[in-house]
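Chains, contacts and geometry: an overview
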Amino acid sequence: MSNPRAIEAVTSTLRFLLEQTLKPHVPDVSVTTYPPDRAFDKSNLSNRVNLFLYHTTVNAAWRNQDLMPQVRPGETAQPPLAINLHYLLTAYSKDQDFPIPLSHQLLGRSMSFLHDHSILSGKDIKNALAASLADHDLYDQIEKVKITPHNLSLEELSKLWMIFQTAYRVSACYEASVVLIESRHPTSAPLPVLQRPMVQPDLLPPSPYPVLAKVLPPNGQPAVRLGEQLILKGSRLDAGTPRLQFSHPRLQADVPIQIVNQSPTQLTVKLLDVADDPTAERWVAGLYGLTAIFRPIGALDASSDRTTNVMPIAVAPRLTGLAATTAMVAGRRVVTFRANCSPKVRSGQRASLVLSDRGDGAVLLPISNQELIAKAQAPQVEGGPIIQTDTLEFAAGDVPAGTYFVRPRLRIDGVDSLLVQDYAATPMVFIPFQSLTIPA
């Protein structure tokens, strides 16, 4: 998801990339973003490519689309502002294209670059915005920005140039889609559905390869936490020495696990935490793809490995502490909640806090059952050390002072901390309400 500076980020990135492409061929060229009536200056002619944002439209496909996993089933949230950006690309030359039509070369090189470089990658955006990267997050948007030619008829182009009351020049039009600007309205997050009926066939495939049918967190939980055991059910799970591969976009190395038990139909593993293994710092909360890889006994290399299908598994954060502080900011009283969690949260992860109140006496009406978004961390530097923290801050505005009883939920990349203490008990045992004091 992007902040309101996403439009600026797209324009700045395109300008930076075009300039890097053209400079080796025409050293004195500049790439500007002026309106067409200002791009051409008779008193100061120069070699120039002008990229002008002349129109924005709402993206119909994303207009009412909730972003998963930020909005869970049953929750209500304002959809993101999804927009397409329309650019006019025009080239000028200081010699007025005589004897060499240099503006045609500049236009051709620019169009060739946009044809070959039709998707803005996160690396491109970070390089272009290196000086102000902390103020932008377009590089982390779930949907990549794609650049495509946008054909306008000669009549439409003529009308466009007529608006600016300047002489027409040969131009190319492009559309950048899509920019998703996150709504500032908080998500309404009521208590989740605890159980859903599941119907799943149990037909063993004829393949001799091992197969995963179910991945079960302990005690019927919707997610597993560090230090807990995970049960994998399937067929032919004794095909050799197992190795589990957890795939996550922010995971850069294998995570530590312990094989507890192995049988033809079941594999039990434990997700090690820092108390068991220091390398457990690699874990991040979120949704993983889990694959089991079996190497037959006696095999010497990976050519004999047998790999199962991929199954989803959520690793939930564990909320280990919650406190509130009050401070005056610009003459306004602001309450900040500080939450401690395990595993640590990495830079770029989306973290939010939901405080459900007990509803007796003093009620947390301003923020109850609403997402509080964590303050942004410093962005990850390309090739630099991994930035992690186990302390998150959530600004909540002016909440009345007092002692409240809350049942907190920490959400990291769409995966909530557990709400139920014991899913196996009948009836279920919820985590208890805890006392939270907001100072004056």
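To start, this report covers the structure provided alongside it. (Residues numbered from 1 in each chain as written. Predicted model: local features only at pLDDT ≥ 70, side-chain atom pairs only at ≥ 80, totals over all residues. Heavy atoms only, no water.)

1. Quick notes on the overall build of the protein
To keep it simple, the criterion reads: Counting from the N terminus, the helices are the DSSP runs of H or I reaching at least four residues and the strands are the DSSP runs of E reaching at least two. Accessibility here uses a 1.4 Å probe with only protein chains present; expressed as a share of the type maximum, an area under 20% marks a residue as buried, one over 50% as exposed, and anything in between as partly exposed. In this description, contact between two residues means that some pair of their heavy atoms is separated by no more than 4.5 Å. Surface exposure here means Shrake-Rupley accessible area, sampled with a 1.4 Å probe, where a residue is shielded only by the protein chains that are shown. Charge counting treats Lys and Arg as positive and Asp and Glu as negative, with His and both chain ends excluded. Positions of charges follow a simple convention, taking NZ of Lys, CZ of Arg, CG of Asp or CD of Glu.
Assigned secondary structure in the protein consists of five helices and 24 strands. Here the protein, with 440 residues, has 43% of them falling under the buried criterion. Considering only contacts in the protein between residues 6 or more positions apart, those separated by 24 or more positions represent 71%. Carbon and sulfur atoms make up 54% of the accessible area of the protein, which totals about 22,600 Å². The averaged location of the 39 negative side-chain charges in the protein is 1 Å from the averaged location of its 40 positive side-chain charges.

2. Quick look at the nonpolar core
Operational definition: We define the nonpolar core as a collection of buried residues of types Ala, Val, Leu, Ile, Met, Phe, Trp, Tyr and Cys that are connected through side-chain atoms lying within 4.5 Å of one another.
Core analysis: the biggest nonpolar cluster contains 36 residues, and V10, L14, L89, L106, L114, L120 and I147 have the highest contact counts within it. With seven residues, the top contributor of residues to this core is helix α1 (residues 6-22). Apart from residues no more than four positions distant in its own chain, L14 is found in contact with L51, Y87, L114, L120 and I147. Counting 25 residues, the second largest nonpolar core, distinct from the first, contains A351, L364, A374 and F394.

3. Digging into empty space enclosed by the protein
Our working definition: The way it works is a 1 Å grid over only the protein atoms, where trapped points that fit a 1.4 Å probe form a cavity and open points with protein on both sides within 12 Å along at least five of seven lines form a pocket, and then any residue with an atom within 4 Å of a point lines it. Grid points are joined across faces, edges and corners, and a volume is the space filled by probe spheres set on the points. Each residue is assigned to one class: nonpolar for Ala, Val, Leu, Ile, Met, Phe, Trp, Tyr, Cys and Pro, charged for Asp, Glu, Lys and Arg, and polar for all the others, Gly among them.
Counted by the stated rule, this structure contains three cavities of 30 Å³ or more. Lining the largest cavity, in full, are A39, F40, D41, N44, L45, S46, R48, Y92 and S93. A class-by-class count of the residues in the lining of the largest cavity yields four nonpolar, three polar and two charged. Approximately 50 Å³ is the volume found for the second largest cavity.

4. Digging into the packing of α1 against helix α3 (residues 102-116)
Quick note on the threshold: The axes are straight lines fitted to the C-alpha atoms, using for helices just the contacting stretch, and the angles between their N-to-C directions are given from 0 to 180°. For classification, angles of less than 35 degrees are called roughly parallel, those exceeding 145 degrees roughly antiparallel, those between 65 and 115 degrees roughly perpendicular, and all remaining angles oblique. Two helices that cross are described as forming a left-handed crossing if the nearer one is turned anticlockwise from the farther one by less than a right angle, and a right-handed crossing if clockwise.
Contact geometry for α1 and α3: axes closest at 10 Å, N-to-C directions at 120°. Viewed along their axes, α1 and α3 adopt a mutual orientation that is oblique. Judged by the sense of rotation from one axis to the other, the crossing of α1 with α3 is right-handed. Residue-level contacts link L14, L17, L18, T21 and L22 of α1 to L106, R109, S110, F113 and L114 of α3. In the contact of α1 with α3, the residues fall into seven nonpolar, two polar and one charged.

5. Considerations on the sheet that holds strand β4 (residues 119-120)
Our working definition: One requirement defines pairing of two strands: DSSP has to find at least two bridges between them.
With mixed pairing, the six strands of this open sheet are ordered in space as β1-β2-β3-β6-β5-β4. The strands lining the two open edges of the sheet, one partner per strand, are β1 (30-32) and β4. Pairing of strand β2 (residues 48-58) with strand β3 (residues 81-92), which is carried by 10 bridges, proceeds in the antiparallel orientation. Its bridge partner lying in β3, N50 is registered against T90. Each of β1, β2, β3, β4, β5 (145-149) and β6 (171-181) touches α1; the most contacted strand, β3, lies at about 30° to it. The sheet contacts of helix α5 (residues 154-164) involve β2, β3 and β6, and relative to β3 the element is tilted by about 80°.

6. Some thoughts on α1
So the rule is basically this: For a helix, the expected span equals 1.5 Å multiplied by the residue count minus one.
Relative to the 24 Å expected for 17 residues at 1.5 Å per residue, α1 spans 24 Å between its end C-alpha atoms, a close match to the ideal helical length. All of the buried residues along α1 are A6, A9, V10, T11, T13, L14, L17, L18, E19 and L22.

7. As for α5
For clarity, the cut-off: An arc is given here, and it is the one of the directions from the helix axis to the C-beta atoms.
Considered for burial, the residues of α5 that qualify are L157, L160, W161 and F164. Along the long axis of α5, the arc covered by the buried residues comes to 90°, so they all point the same way. Structural note: α5 exposes E155, M162 and I163 on the side pointing more than 90 degrees away from its buried face. The inward-facing, buried residues of α5 abut α2 (36-39), β2, β3 and β6.

8. Examining the pattern of salt bridges
Where charged atoms of side chains with opposite charge meet at close range, the side chains can pair. Convention followed: Only one rule defines a salt bridge in this text: a Lys or Arg side-chain nitrogen within 4 Å of an Asp or Glu carboxyl oxygen.
Under the defined criterion, the tally for this structure stands at 22 salt bridges. Between R5 and D135 there is a salt bridge; the shortest N-O distance is 3.5 Å. A residue pair is termed long-range when its members are at least 10 positions apart, and R5 in the segment before α1 and D135 in the loop between α4 (122-128) and β5 qualify at 130 residues. On the basis of relative accessible area, R5 is assigned to the partly exposed category, the value being 32%. With a closest N to O distance of 3.3 Å, R350 and E371 form a salt bridge. Of the two residues, R350 is situated in the loop between β16 (332-346) and β17 (351-357) and E371 in the loop between β17 and β18 (372-373); the sequence distance between them amounts to 21 residues.

9. Observations regarding the sheet that holds strand β19 (residues 388-395)
Judged by pairing direction, the sheet is antiparallel, and its three strands sit side by side in the order β15-β16-β19 without closing on themselves. Across the chains shown, the open sheet's two edge strands, defined by having one partner strand only, are β15 (318-329) and β19. Strand-to-strand twist in this sheet, taken as the mean axis angle between neighbours without regard to direction, amounts to 25°. In the sheet, β16 pairs with β19 via seven bridges, with the strands oriented antiparallel. Bridging from a neighbouring strand, A339 pairs with L392 of β19.

10. Comments concerning the pairing of β2
Two faces make up the sheet, and in a regular strand the side chains alternate between them. Bridging between β1 and β2 involves three bridges; their strand directions are parallel. Bridge pairing links S30 to R48 in β2.

11. Quick word on a nonpolar patch on the surface
Formally: Note on patches: the residues involved have over 30% relative accessible area and no salt bridge, like charges join within 9 Å, and the nonpolar side chains Val, Leu, Ile, Met, Phe, Trp and Tyr join within 5 Å.
A contiguous nonpolar surface patch, about 320 Å² in accessible area, is contributed by L154, Y168 and V170. Here Y168 shows up in the loop between α5 and β6. Look at Y168 and you get partly exposed, because its relative accessible area is 40%.

12. A word on the packing of aromatic side chains
To keep it simple, the criterion reads: Pairing of aromatic rings covers Phe, Tyr and the six-membered ring of Trp, with a centre-to-centre limit of 6.5 Å; geometry is then stacked below 30 degrees between planes, edge-to-face above 60, and tilted otherwise.
Summed over the entire model, instances satisfying the criterion amount to six aromatic pairs. Ring plane angle 85° and centroid distance 5.3 Å describe the contact between F52 and F164, whose orientation is recorded as edge-to-face. Remark: F164 occurs in helix α5 and F52 occurs in strand β2; sequence separation between them is 112 residues. A relative accessible area of 17% means that F164 is categorised as buried.

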